[in-house]
Amino acid sequence: MDASRLPGECNVDTLIRESVGESKAGRHSDAWQRIERAVALDPANCLAHLQRARCAAVMGLWAAARDSAAIASNTCELSVKEQMTLAAIFAHCGEERKALELYRVLETAQPADPHTQREIAVLSRILGRAEDAERACDRCLALDPDDHETIHRGGLGFSDRSEGGMTAIFFNDSRSIPDETTETQSLTGLQGE
């Protein structure tokens, strides 16, 4: 029997996909149970840890979110959206240095994104890097002169910590949901999409 399978032909990819579906439907406890089973079956599965980090963040389980985000960020190549998700999770967990590091990578990948500049400004300010924060705010406003959040809040991001806001932040990347038709695809194949 394949080690990634549970009785009833339920495998890790299925559990990840079901967890994402439960999360999007607002059934966070069910999502958590499924993703915990997936991680137990395959503790090295990057996508399982990415989903576990998302679930934990939405549920306010910040230590679990941080731990799974660290595993996901260190074990596989991530899409831009996945990096943004992990950066936001690290920032919410108080891991500002790690979040800033990811946003700096994102800045290189998408230099014209004002959101990335705004988050760099916020994190730089938190870390006491006032000049870096000011430069990032200036870059943000140069990219989007009508960015009212940066103008009126001085770059203060991470403003929507409500359950609905967290769900929108952490579950907007459908690429990491294994497709039923590609369940047998390897993690490398999934990352190549």
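Just so it is clear, the structure is predicted and the values come from calculations on it, not from any experiment.

## Remarks on the environment of Ala-48
Among the structural elements, Ala-48 can be located in helix α3 (residues 46-59). Using a relative accessible area of 0% as the deciding quantity, one classes Ala-48 as buried. As for Ala-48 and Ser-68, which are separated by 20 residues in sequence, their C-alpha atoms are 8.6 Å apart. Filtering out sequence-adjacent residues up to four positions away, Ala-48 remains in contact with Ile-16, Ile-35, Ala-38 and Val-39.

## Quick look at helix α5 (residues 80-92)
Owing to its 3.6 residues per turn, the α-helix brings residues three or four apart onto one side. Compared with the 18 Å implied by 1.5 Å per residue over 13 residues, the 18 Å span of α5 between its first and last C-alpha is a close match. Directly beyond the C-terminal end of α5, a positive phi value near 85° is found at Gly-94.

## Re the nonpolar core
Of all hydrophobic cores here, the largest spans 42 residues; its most connected members are Ile-16, Ile-35, Ala-38, Leu-86, Ile-89 and Tyr-103. Taken together, the elements giving at least two residues each to this core come down to α1 (12-24), α2 (28-41), α3, α4 (62-75), α5, α6 (96-109), α7 (114-126) and α8 (130-143). Among the elements that take part in this core, α3 stands out by supplying eight residues, more than any other. If near-sequence neighbours (up to four positions away) are discounted, Leu-86 is found in contact with Leu-50, Ala-53, Ala-69, Ala-72, Ser-73, Leu-78 and Leu-102.

## With respect to the side chain of Ser-124
Mapped onto the fold, Ser-124 is located in helix α7. Not counting chain neighbours up to four residues away, the residues in contact with Ser-124 comprise Leu-100, Arg-104, Arg-129, Asp-132 and Ala-133.

## Considering α7
The end-to-end C-alpha separation of α7 is 18 Å, in line with the 18 Å expected for 13 residues at 1.5 Å each. In terms of burial, α7 is a largely internal element, 10 of the 13 residues being buried. Listing the buried residues of α7 in full gives Pro-114, Thr-116, Gln-117, Arg-118, Glu-119, Ile-120, Ala-121, Val-122, Leu-123 and Ser-124. Downstream of α7 by one or two residues, Gly-128 has phi in the positive range, about 80°.

## Things to note about the environment of Cys-137
Residue placement: Cys-137 occurs in helix α8. With 19 residues separating them along the chain, Cys-137 and Arg-118 place their C-alpha atoms 6.0 Å apart.

## Some words on the state of the cysteines
In a disulfide, the sulfur atoms of two cysteines are covalently bonded to one another. The final tally for this structure, using the stated rule, is one disulfide. Between the sulfur of Cys-46 and that of Cys-76 lies a disulfide, 1.8 Å long from S to S. Of this pair, Cys-46 sits in helix α3 while Cys-76 sits in the loop between α4 and α5, and the two are 30 residues apart along the sequence. The buried category is assigned to Cys-76, whose relative accessible area is 15%. The thiol of Cys-140 is not disulfide-bonded; the next cysteine sulfur, from Cys-137, is found 6.8 Å away.

Each value, and the rule that gives it
- Along every chain, residues carry numbers that run from 1 in the direction the sequence is written.
- Restriction of local features to residues with pLDDT of at least 70 applies here, the model being predicted, together with a cutoff of 80 or more for giving and counting side-chain atom pairs; totals for whole chains, interfaces and linings are based on all residues.
- Remark: hydrogens and water are excluded; side-chain values derive from all non-hydrogen atoms of the structure.
- Secondary structure counts use DSSP, requiring at least four H or I residues in a row for a helix and at least two E residues in a row for a strand, with both numbered from the N terminus.
- Any residue under 20% of the maximum accessible area for its type is buried, any over 50% is exposed, and the rest in between are partly exposed; the area is computed with a 1.4 Å probe on protein chains only.
- In what follows, residue pairs with any heavy atoms lying within 4.5 Å of each other are defined as contacts.
- Every helix has an expected span of 1.5 Å times one less than the residues it contains.
- The nonpolar core is taken to be a set of buried Ala, Val, Leu, Ile, Met, Phe, Trp, Tyr and Cys residues, with the residues joined through side-chain atoms within 4.5 Å.
- When two cysteine sulfur atoms are found within 2.5 Å, that pair is recorded as a disulfide.

These figures capture arrangement, not role.
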